[in-house]
Amino acid sequence: MVDIEHLEFGLETFGDIVANEDGSLKTAAESIRQIVREGQMADELGLSVMGVGEHHRPDYSVSSPETVLAAIASVTKNIKLATAVTVLSSDDPVRVYERFATLDALSNGRAQVMLGRGSFTESFPLFGYDLTDYDDLFNEKLALYDQLRTEKPVTWSGKFRAALQDQEVYPKTEKGALETYIGIGGSPESIIRAVKFGYKVIIAIIGGQADRFKPYIDLYHAAAEQLGKPEFPIAVHSHGFIADDEDEAIEVAFKNIKANFDRIGLTRGWAPMSREQFDGETKVGSFYVGNPETVAQRMARTIDLLDLGRFDIVYGAGNQTAAQRERMIELYGTKVVPRVKEILAEKAATK
Amino acid sequence: MAIRRVGILGAGKVGIVLAGLALAAGYEVRISGSDSVEKIALTIKTLVPGAIASENTEVVANSDVVILAIPLSRYKNIDPTLLQGKLVIDAMNYWWETDGIREEVLDPTTTSSEQVQAYFKGATIVKTFNHMGYHNLQEEARPKGDAKRKALFVTGDDHDAVDQVAAFVDSMGFDTVVHYQMADGIMTEPGSPLFGASLRHDELKHTIDHFDQTDFGKQIADRMH
Ligand SMILES: NC(=O)c1ccc[n+]([C@@H]2O[C@H](COP(=O)([O-])OP(=O)(O)OC[C@H]3O[C@@H](n4cnc5c(N)ncnc54)[C@H](OP(=O)(O)O)[C@@H]3O)[C@@H](O)[C@H]2O)c1
């Protein structure tokens, strides 16, 4: 059953470019400063996690999320600071460790590593990796990261990076280990891999009904039991948009989320999102869109159904104005989160 | 020959969804990954209980129809003679983010299914299930006659095989729009307005019938000339 008291609510942004009120776009630099401001708001509102994505494309502002998180660290007190996600396949695990250990120092132990294969691949050619090594890269780098995470001398060799011989890596963290999640999509193999490493799991549900993930969560627990590995409450992240008015929320989300998905789809030869698809996603699928009551009801349903320990809303998709983004964050913190807890408590009482 | 036993090569996102649909439709289902049974056993038992986790040779030997649900860049890892004499559904697409750069994977002058057919010479290939996202395939399978039922495009060079596969697709929960030409598979490849779309029969048929008027259709026509 859902542990309401320890349930975590997060916000994540992929670093979309912010729009001005007249529809023109802000610069990437302005968009980055806006994220720092939003991180501060999220902390003041008592949210649990602020996540920032990593992209190397013109439509997103953040390629170096730990730097943005470091700025947020300096203006916040309690909120955890996560990457959403760190594209480990095209990164150097040693550098990943160093950057997060530094962030952890700056934030008094609030750094949270979220490792994934990422849903974009532009970092592969940029850093000289071959897409056909997609699986091997992730597996090898995850194994190295796992050793580094012990904060003990590492001896390691592999295909994609220079070997390490009894190598110490610095700085050491105060807690002795970085909190680490693996971000996964819909592949069963990824769940088993996360279990093997004993990391926490965050599932990206970016299309379709949350219900279809129930068997995957069963698989997580079954695999942990079979392999004798630790089990943690599952986290989920999904897109969302909240406004005071239901219709306004839907229209803003349709315009922006569609634009965002269509732009990505274009590079993959994927057909544009139809209104029917969008409506399906907001009614029963993976977009949490509407006024605070609608969003709270839908989030509570998913949290209860999948027995989650954490739910992150991905905000700011497309080109939203600062006012839209900030109002959404405010409504999330002040209305949606307390209401979700209330609904879950009512449900628990009737069970 | 009536289809009673369904074999699926590839225990990933699509393979598992298709296994679930086939079980629900009453078929005997076998499924394999690139490796040992052990590697997929727990996944199959948990996600699609009732399906038999197997290895490629076992799957092929014990199936009336075999579905290729593996990355396009991997089919050449399968011995071409393995599918000799088999009815085979090609559910694969070129997806550059995992398959790599097209020129290294595919001859740009033909369609992917024609290349798959050329490689598996002794098999009869029919292309379908490829153009709808895996969660749509899972969530939108509906009984015959349901007003919201979605449709899939089915095509291949062998008339009887196409008809057989179309009947199979229908039993899995989808209407069909049928062509008898493998090269028409291009109409549902990445870049097509049908790729990733989830449409009812009339909508799918309309786009297929007027394919040459779509932007993608025009591009393809230009490429041919
Ligand atoms: N994703 C979609 O929405 C969608 C929709 C329609 C069609 N498709 C097409 O369907 C195919 C599979 O896509 P997916 O998304 O399901 O990919 P996926 O989740 O990566 O799964 C691919 C599966 O194929 C297995 N495999 C690889 N080589 C194999 C071999 N030689 N023999 C047997 N199994 C092998 C893999 O096993 P290992 O893990 O052991 O390597 C894995 O289980 C692709 O061609 C894709 O374009 C995808």
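Residues numbered from 1 in each chain as written. Chains lettered and ligands numbered in written order. Predicted model: local features only at pLDDT ≥ 70, side-chain atom pairs only at ≥ 80, totals over all residues. Heavy atoms only, no water.

Regarding the overall build of chain B
Now for step 1: Scanning chain B from terminus to terminus reveals 10 helices and eight strands.
Now for step 2: Computed over its C-alpha atoms, the radius of gyration of chain B comes to 17 Å, within 12% of the 17 Å expected for a compact globule of 225 residues.
Now for step 3: In terms of overall dimensions, chain B has C-alpha extents of about 50 × 45 × 35 Å along its principal axes.
Now for step 4: Buried residues in chain B amount to 55% of all 225 residues.
Now for step 5: Relative to all contacts within chain B whose residues are 6 or more apart in sequence, the contacts with residues 24 or more apart total 63%.
Now for step 6: Taken as a whole, chain B presents about 9500 Å² of accessible surface, with 51% of it coming from carbon and sulfur.
Now for step 7: With 21 positive and 31 negative side-chain charges, chain B shows a spacing of 5 Å between the two charge centroids. (Helix = DSSP H or I, 4+ residues; strand = E, 2+ residues; numbered from the N terminus. Rg over C-alpha atoms; globule rule 2.2 N^0.38 Å. Buried < 20%, exposed > 50% of the residue type's maximum accessible area, 1.4 Å probe, protein only. Contact = heavy atoms within 4.5 Å. Areas by Shrake-Rupley, 256 points an atom, 1.4 Å probe, with all protein chains shown as cover. Lys, Arg positive; Asp, Glu negative; His and termini not counted. Charge placed at Lys NZ, Arg CZ, Asp CG, Glu CD.)

Section: the site of the ligand
Now for step 1: Near the ligand there are 26 residues, and of these Val14, Ser34, Asn56, Ile70 and Tyr134 of chain B occur at the shortest range.
Now for step 2: At the site occupied by the ligand, the surrounding residues belong to chains A and B.
Now for step 3: Isolated, the ligand exposes 900 Å² of accessible area, and the fraction of that covered by the protein chains is 83%.
Now for step 4: Looking at the shell around the ligand residue by residue, the class counts come to 12 nonpolar, 10 polar and four charged. (Near = heavy atom within 4 Å. Nonpolar A, V, L, I, M, F, W, Y, C, P; charged D, E, K, R; others polar.)

Looking at the packing of aromatic side chains
Residue and element names in this part refer to chain A.
Now for step 1: Going through the model one piece at a time under the given rule, you end up with 18 aromatic pairs over all chains.
Now for step 2: Ring geometry for Phe124 versus Tyr134: centroids 5.9 Å apart, planes at 25 degrees, classification stacked. Within this pair, whereas Phe124 is found in helix H4 (residues 123–126), its partner Tyr134 is found in helix H5 (residues 134–148), the two being separated by 10 residues in sequence.
Now for step 3: Tyr134 sits in the buried class, given a relative accessible area of 13%.
Now for step 4: Each member of the aromatic cluster is reached from another via a ring pair, and the members are Phe254, Phe261, Phe278 and Phe287.
Now for step 5: Just above the ring of Phe120 sits the side chain of Arg268; from NZ or CZ to the centre is 5.8 Å.
Now for step 6: One Lys or Arg, Arg310, reaches over the ring of Tyr181 and ends 4.8 Å from the middle of that ring. (Phe/Tyr/Trp six-rings, centres within 6.5 Å; stacked < 30°, edge-to-face > 60°. Lys NZ or Arg CZ within 6 Å of the ring centre and 35° of its normal.)

A word on the pattern of salt bridges
Now for step 1: The full count for this structure, using the stated rule, is 38 salt bridges over all chains.
Now for step 2: For Arg275 of chain A, the salt bridge is made with Glu251 of chain A, and the minimal N-O distance between the two is 3.3 Å. Taken together, the positions of Arg275 of chain A in helix H9 (residues 275–283) and Glu251 of chain A in helix H8 (residues 246–268) put the pair 24 residues apart, joining distant regions of the chain.
Now for step 3: Judged by its relative accessible area of 33%, Arg275 of chain A falls in the partly exposed class.
Now for step 4: Glu251 of chain A sits in the partly exposed class, given a relative accessible area of 43%.
Now for step 5: Here Arg4 of chain B ties to Glu28 of chain B by a salt bridge, and the two come within 3.5 Å at their closest N and O atoms. Note that Arg4 of chain B is positioned in the segment before strand E1 (5–9) and Glu28 of chain B in strand E2 (residues 28–32), a separation of 24 residues in sequence. (Salt bridge = Lys/Arg side-chain N within 4 Å of Asp/Glu carboxyl O.)

Brief notes about the layout of surface pockets
Now for step 1: Volume-wise, the second largest pocket comes out at about 490 Å³.
Now for step 2: Lining the second largest pocket we find 24 residues, and of these Leu266 and Gly269 of chain A together with Pro190, Gly191 and Ser192 of chain B sit closest to its centre.
Now for step 3: Broken down by secondary-structure element, the contributors of at least two residues to the lining of the second largest pocket are H8 of chain A together with helix H10 (215–224) of chain B.
Now for step 4: Here the lining of the second largest pocket takes five residues from H8 of chain A, the largest share from any one element. (1 Å grid on protein atoms, 1.4 Å probe; cavity = no way out; pocket = protein on both sides within 12 Å on 5 of 7 lines; lining within 4 Å. Points joined across faces, edges and corners; volume = space filled by probe spheres on them.)

Considerations on the interface of chain B and chain A
Now for step 1: With 29 residues of chain B in contact, the opposing surface of chain A contributes 30 residues.
Now for step 2: In terms of surface lost to chain A, no three residues of chain B exceed Leu42, Leu47 and Glu97 of chain B, which account for 23% of the buried area on that side.
Now for step 3: Here chain B is connected to chain A by three salt bridges.
Now for step 4: One salt bridge connects Lys150 of chain B with Glu276 of chain A, and the closest N-O pair in it is separated by 3.5 Å.
Now for step 5: Taken together, the connections running from chain B to chain A amount to three residue pairs in polar contact (both at pLDDT 80 or more).
Now for step 6: Taken together, the residues of the side of chain B that touches chain A break down into 11 nonpolar, 11 polar and seven charged. (Buried area = accessible area lost by both parts, 1.4 Å probe. Polar contact = N/O pair within 3.5 Å; in protein donor to acceptor, adjacent residues only side chain to side chain.)

A closer look at helix H1 (residues 28–44) of chain A
Residue and element names in this part refer to chain A.
Now for step 1: Between its first and last C-alpha atoms H1 spans 25 Å; for 17 residues at 1.5 Å apiece the expected length is 24 Å, and the two agree.
Now for step 2: Against the buried residues of H1 lie strand E1 (8–13), strand E2 (49–52), helix H2 (65–73), strand E12 (308–315) and helix H11 (322–350).
Now for step 3: Downstream of H1 by a residue or two, Gly46 has a phi angle that is positive, lying close to 80 degrees. (Expected span 1.5 Å × (residues − 1).)

A closer look at empty space enclosed by the protein
Residue and element names in this part refer to chain A.
Now for step 1: As enumerated under the stated definition, the model contains two cavities of 30 Å³ or more in all.
Now for step 2: Roughly 50 Å³ of internal volume is contained in the largest cavity.
Now for step 3: Together, Met1, Val2, Ile4, Asp304, Leu344, Lys347, Ala348 and Lys351 line the largest cavity.
Now for step 4: Considered class by class, the residues forming the lining of the largest cavity number five nonpolar, no polar and three charged.
Now for step 5: Estimates place the volume of the second largest cavity at around 40 Å³.
Now for step 6: Residue lining of the second largest cavity: Tyr97, Leu148, Glu151, Lys152, Gln167, Glu168, Val169 and Lys172, and that is the complete set.
Now for step 7: Of the residues in the lining of the second largest cavity, the class split is three nonpolar, one polar and four charged.

Some words on the side chain of Ser112 of chain B
All names here are of chain B.
Now for step 1: Relative to the helices and strands, Ser112 is located in helix H6 (residues 112–119).
Now for step 2: Owing to a relative accessible area of 1%, Ser112 belongs among the buried residues under this scheme.
Now for step 3: Among the polar contacts made by the side chain of Ser112, one reaches the side chain of Lys127 at a distance of 3.4 Å.

Thoughts on the pairing of strand E4 (residues 65–68) of chain B
All names here are of chain B.
Now for step 1: Alternating positions in E4 separate into two faces, Val65 and Ile67 on one and Val66 and Leu68 on the other, with burial throughout.
Now for step 2: Relative to E4, E1 runs parallel, the two being bridged by four bridges. Following the sheet pairing, Gly7 is matched in E4 by Val66.
Now for step 3: As paired strands, E4 and strand E5 (residues 87–90) are joined by three bridges and run parallel to one another. Opposite Ile67, over in E5, you have Ile89 as the bridge partner. (Pairing = 2+ DSSP bridges.)

Things to note about unusual backbone geometry
All names here are of chain A.
Now for step 1: Cis geometry marks the peptide bond from Ala84 to Val85, where omega comes out at -10 degrees.
Now for step 2: For Val85, the location among the structural elements is in the loop between strand E3 (80–83) and strand E4 (86–87).
Now for step 3: Look at the link from Tyr170 to Pro171: it is a cis peptide, with omega at -5 degrees.
Now for step 4: Its location among the elements puts Pro171 in the loop between strand E7 (164–167) and strand E8 (179–184).
Now for step 5: If you check the backbone angles, Glu151 has positive phi at about 65 degrees while not being a glycine.
Now for step 6: Counting through the fold element by element, Glu151 comes out in the loop between H5 and strand E6 (154–156).

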